[in-house]
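Remarks on the overall topology
So the chains spell out like this:
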Amino acid sequence: MGRRAPGHVFMASKWVFPGGRIERADFTAAACSDPAAATRARLEAEMPARRARALALTAVRETFEETGLILGRPTPAASVHGPWREFRQAGALPDLAAMSYVARAITPPGRSRRFDARFFMADADALLSPEPTAGSGELDEIAWLPLDEARALDLPSITRFVLAEVAERLIRPDRPLPFVRMVRGKHLVTHG
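This section reports on the structure supplied with the text. (Residues numbered from 1 in each chain as written. Predicted model: local features only at pLDDT ≥ 70, side-chain atom pairs only at ≥ 80, totals over all residues. Heavy atoms only, no water.)

Quick look at the pattern of salt bridges now. A complete count under the given rule lists 17 salt bridges for this structure. Among the ionic pairs, Asp140 bridges to Arg3, the shortest N-O distance being 3.0 Å. You can see Asp140 sitting in strand β7 (residues 139–142) and its partner Arg3 sitting in strand β1 (residues 2–4), a full 137 residues away along the chain. On the basis of relative accessible area, Asp140 is assigned to the partly exposed category, the value being 37%. Arg3 gets classed as partly exposed once you look at its relative accessible area, which sits at 27%. Across the pair Arg118 and Glu46 runs a salt bridge, and its minimum N-O distance is 2.9 Å. (Salt bridge = Lys/Arg side-chain N within 4 Å of Asp/Glu carboxyl O. Helix = DSSP H or I, 4+ residues; strand = E, 2+ residues; numbered from the N terminus. Buried < 20%, exposed > 50% of the residue type's maximum accessible area, 1.4 Å probe, protein only.)

This is how it looks when you write it as structure tokens:
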């Protein structure tokens, strides 16, 4: 997790997961694997296959940009081509099969920034190195934290919800996917 810098207009000083929006290059970036069948099926139930794959690549890219962590496998530099210069320089390709889809949430209406966010998790063993770097500077502190310690931090409510979902998924990986959103002024969580 990372703590957003105090000067940010949105969620200043809150502990969050790395994330961001899909970029054009995410649609064409190479990967050493496709998303696992369960993750792919869940994503493709919500969007076209091409966008689902790009979304998974976005999660890998944003994690790298914000933390320096590479969810990927070493690949000979000559075989890494296309966008994502930093991954090419590291001699790696994203490993989409290492990720599992955890939750989806849409920011309630009326907030200064709104997102239709998907949350993923992966085992730390799938990282090229478990040591984060400074990343892009969007996060002023980056740390690996046990779930109990993470829950004690200054967190947005959706981050707290997703941490609880991760804890449940560690016990029951096949549990239904939660979708959190606001409907007629009330938070609604459905599972599918």
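This part is about the side chain of Arg104. Inspection of the secondary structure puts Arg104 in strand β5 (residues 99–106). Each residue touching Arg104, except ones within four places of it in the same chain, is listed here: Glu46, Asp116, Ala117, Arg118, Pro178, Phe179 and Val180. (Contact = heavy atoms within 4.5 Å.)

What follows covers the pairing of β5. Counting buried residues along β5, six of its eight residues qualify, which places the element largely inside the surrounding structure. Looking at chain direction, β5 and strand β6 (residues 116–122) are connected through seven bridges and run antiparallel. By the bridge assignment for β6, Ala103 is matched with Phe119. Summarising the sheet, β5 and strand β8 (residues 178–183) pair through two bridges and their orientation is parallel. Among the inter-strand pairings, Ala105 is bridged to a residue of β8, identified as Val180. (Pairing = 2+ DSSP bridges.)

Residue position: Glu65 is located in helix α2 (residues 49–67). For Glu65 and Thr133, which are 68 residues apart along the polypeptide, the C-alpha to C-alpha distance reads 9.6 Å. Not counting residues up to four positions away in its chain, the partners in contact with Glu65 are Gly135 and Ser136.

The mixed open sheet is built from four strands, whose spatial order is β6-β5-β8-β9. The sheet is open, and its two edges are formed by β6 and β9 (186–191), each paired on a single side. Averaged over all pairs of adjacent strands, the angle between strand axes in this sheet comes to 20 degrees, irrespective of strand direction. Packed onto the sheet, helix α1 (residues 37–44) meets β5 and β6 and runs at close to 25 degrees relative to β5. Here helix α5 (residues 157–171) sits on the sheet and contacts β5, β6, β8 and β9; the angle it forms with β5, its principal contact strand, is near 145 degrees. (Axes fitted to C-alpha atoms, helices over the stretch in contact; angles between N-to-C directions.)

Attention now goes to the environment of Phe115. Mapping Phe115 onto the fold places it in the loop between β5 and β6. Residue class for Phe115 comes out partly exposed when judged on its relative accessible area of 40%. With near-sequence residues (within four places) excluded, Phe115 lies in contact with Phe10, Ala105, Ile106 and Thr107.

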